[in-house]
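# Structural description and commentary
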Amino acid sequence: MKKGTGQDERLEIVAYHPWRRFFTRSAVLLLMVALAVGGYYYGQWSIWHERGTAVIERDELRVTTREQSQALRELRQRVLAAESGNAVDRRAYQEVQQTVLNLNARIAQLENELHFYQRVMAPEQIDQGLRIDRLEIRPTATNRVYDYQLVITQVTDNNTFIEGRALISLVGARGETQNVTLPLKDVSPEVDDLSVRFRFRFFQNVAGQIHLPEDFEPEKVRVVLQSTGSRAMRIETEFDWSSQEAL
């Protein structure tokens, strides 16, 4: 007779339900298909929604361009009327002259804005892609503190976003050392990274202040744009510090 091992062996009988297992697997499969289909239609909806928003922004820019053109025509008519008036009182001559100067300055400003919108909205006329439209640096009331503005544009025939990083550096002399490069984060309190992120459809302004160190004399501003994605581009341009003209 065989001795026991100290533990009782038990036989457990479990009911076998093949249809329950089939329905469980079918439910899981249907749930996975539903999630996949839902994700696909949600992605399609997001694409169409973004495209619709881009079209609205494009149409708003076109309206702005038409309004600027109309304003230019009206201002030119006012200038001609002010300049051709023969019965102007001499006592009001200086006031009229100042008015003419102000109107001419306004016309020049509107023409610059109109040309900017035309460059953005008429890509078939110039090369397409990422562009540096202009760099402006203006002194403030505080010594060695300057306001800067970098305008980046995307000249394209579609409405897709472009994104990437902009690296802005000052090049100049520090003491007797030439060709010293200072990244923007070292001279601008608004920037805490080596590069500034950009993401836009038509254009984006990168603006802030530059605080020059006492022993640094700037000579150039170097701007490097690096976009990401399947059509990544790299643009590098140097500007004269005094005139902000591309070198």
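It should be noted that the structure appears before, not after, this text.
Let me begin by describing the structure that accompanies this report. (Residues numbered from 1 in each chain as written. Predicted model: local features only at pLDDT ≥ 70, side-chain atom pairs only at ≥ 80, totals over all residues. Heavy atoms only, no water.)

### Overview of the overall build of the chain
Here is the rule: Runs of E in the DSSP output that reach at least two residues are strands. Runs of H or I that reach at least four are helices, and both are numbered from the N terminus. Note on classification: 1.4 Å probe, protein chains only; a residue is buried when its accessible area is under 20% of the maximum for its type, exposed when over 50%, partly exposed between these limits. Whether two residues touch is decided by their heavy atoms; if any such pair falls within 4.5 Å, the residues are in contact. Surface accessibility follows the Shrake-Rupley procedure with a 1.4 Å probe radius. Residue values consider only the protein chains on display as shielding.
When helices and strands are counted, the chain shows two helices and eight strands. Helices and strands appear in the chain in the N-to-C order α-α-β-β-β-β-β-β-β-β. With 247 residues in all, the chain has 30% of them scored as buried. Here the contacts in the chain between residues at least 6 apart in sequence split such that 66% fall between residues at least 24 apart. Carbon and sulfur atoms provide 52% of the accessible area of the chain, an area that totals close to 17,700 Å².

### Quick look at the pattern of salt bridges
Filter applied, for reference: Here, a salt bridge means any side-chain nitrogen of Lys or Arg that lies within 4 Å of a carboxyl oxygen of Asp or Glu.
Taken as a whole, this structure holds twelve salt bridges when the rule is applied. A salt bridge links arginine 134 to glutamate 136; the nearest nitrogen and oxygen atoms lie 3.1 Å apart. For aspartate 186, the salt bridge identified is with lysine 185, shortest N-O distance 3.3 Å. Owing to a relative accessible area of 36%, lysine 185 belongs among the partly exposed residues under this scheme. Overlapping salt bridges, with partners in common, bring together Asp133, Arg134, Glu136 and Arg138 in one network.

### Examining the sheet that holds strand 2 (residues 145–155)
As a general point, the strands of a sheet are linked pairwise by backbone hydrogen bonds and lie either parallel or antiparallel. In plain terms, the rule: Two strands qualify as a pair provided DSSP detects at least 2 bridges between them. Only the contacting stretch of a helix is used when fitting its axis, a line to C-alpha atoms as for every element, and angles between N-to-C directions run 0 to 180 degrees.
What the three strands build is an open sheet, ordered 1-2-6; its pairing is antiparallel. One side of each edge strand has no neighbouring strand; the edge strands of this open sheet are strand 1 (129–139) and strand 6 (203–211). The average undirected angle you get between the axes of adjacent strands in this sheet is 15 degrees. The pairing of strand 2 with strand 6 spans nine bridges and is antiparallel. Considered in strand 6, the bridge of valine 151 is made with asparagine 205.

### Some points on the packing of aromatic side chains
We apply this condition: Only centres within 6.5 Å qualify two rings of Phe, Tyr or Trp (six-membered ring in Trp) as a pair; their planes then separate them into stacked at under 30 degrees, edge-to-face at over 60, and tilted for everything else.
Within this structure, the stated rule accounts for two aromatic pairs. Arranged with centres 5.1 Å apart and planes meeting at 80 degrees, the rings of tyrosine 146 and tryptophan 241 form a pair that is edge-to-face. Here tyrosine 146 is found in strand 2, whereas its partner tryptophan 241 is found in the segment after strand 8 (234–240), with 95 residues between them in sequence. Since its relative accessible area comes to 9%, tryptophan 241 is described here as buried. Relative to phenylalanine 200, the ring of phenylalanine 198 lies with its centre 5.9 Å away and its plane at 45 degrees, an arrangement referred to as tilted.

### Re unusual backbone geometry
Positive phi, close to 55 degrees, is recorded for asparagine 179, a residue that is not glycine. Residue position: asparagine 179 is located in strand 4 (residues 177–183). One non-glycine residue, glutamine 244, lies in the positive phi region at around 60 degrees. Topologically, glutamine 244 is positioned in the segment after strand 8.

### A word on the environment of arginine 222
Our working definition: For the purposes of these results, a polar contact is taken to be a pair of N or O atoms within 3.5 Å, where, inside protein, one atom must be able to donate a hydrogen and its partner to accept one; residues adjacent in sequence count only when each atom of the pair is a side-chain atom.
Within the secondary structure, arginine 222 sits in strand 7 (residues 216–227). A relative accessible area of 21% places arginine 222 in the partly exposed class. Sequence-wise, arginine 222 and leucine 247 are 25 residues apart; in three dimensions their C-alpha atoms are separated by 9.8 Å. The contacts of arginine 222, once residues within four sequence positions are left out, are Leu167, Ile168, Ser169, Val171, Thr181, Glu236, Thr237 and Glu238. Looking at arginine 222, its side chain comes within polar contact range of the side chain of glutamate 238, at 2.9 Å.

### Describing the nonpolar core
Rule in force here: For this analysis, a nonpolar core means a set of buried residues of the types Ala, Val, Leu, Ile, Met, Phe, Trp, Tyr and Cys, connected via side-chain atoms within 4.5 Å.
The biggest cluster of nonpolar side chains holds 29 residues, and the ones touching the most others in it are Ile152, Val221 and Leu225. Broken down by secondary-structure element, the contributors of at least two residues to this core are strand 1, strand 2, strand 3 (162–174), strand 4, strand 5 (196–200), strand 6, strand 7 and strand 8. Setting aside chain neighbours within four positions, we find isoleucine 152 in contact with Leu130, Arg131, Ala166, Phe198, Phe200, Phe202, Phe203, Gln204, Val206 and Leu225. Formed by seven residues, the second largest nonpolar core is a distinct cluster that contains Leu75, Val100, Leu103 and Leu110.

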